[in-house]
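Tertiary structure, described
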Amino acid sequence: EVMMDMDMDSGARPSQPHWFERYVQPCVAELLGSALFIFIGCLSVVEDAGGSGRLQPALAHGLALGLSIAVLGGI
């Protein structure tokens, strides 16, 4: 009976997330997402294909933003 009481008490307390998951991981995710968004956007303008106009940078920024959200959105 004593062991059963201990098991019930340990399951009642919600566990706190580790400090890394709480503070460091969101900051690193924000840094990586912003870097990906900025660098892919800038590289799409540098390598400008003739005749693409505004479409190429717009698509590159949209795909970079979508990729960042898909990969890092859970964090």
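The preceding data block contains the structure.
Quick summary incoming for the structure in this document. As the structure is a computational prediction, the values presented were derived from the model and not from experiment.

Quick notes on the packing of aromatic side chains
Evaluated as defined, the whole model comprises 1 aromatic pair. Here the aromatic rings of Trp19 and Phe20 are separated by 6.3 Å at their centres, their planes lie at 85°, and the arrangement is edge-to-face. Phe20 sits in the partly exposed class, given a relative accessible area of 39%.

Concerning the environment of Gln56
Structurally, Gln56 is set in helix H3 (residues 55-72). A residue is classified by how much of its surface remains accessible, and Gln56, at 23% relative accessible area, is partly exposed. When the C-alpha atoms of Gln56 and Ser44 are compared, they prove to be 6.7 Å apart, with 12 residues separating the residues in sequence.

Rules and cut-offs
- Residues numbered from 1 in each chain as written.
- Predicted model: local features only at pLDDT ≥ 70, side-chain atom pairs only at ≥ 80, totals over all residues.
- Heavy atoms only, no water.
- Phe/Tyr/Trp six-rings, centres within 6.5 Å; stacked < 30°, edge-to-face > 60°.
- Buried < 20%, exposed > 50% of the residue type's maximum accessible area, 1.4 Å probe, protein only.
- Helix = DSSP H or I, 4+ residues; strand = E, 2+ residues; numbered from the N terminus.

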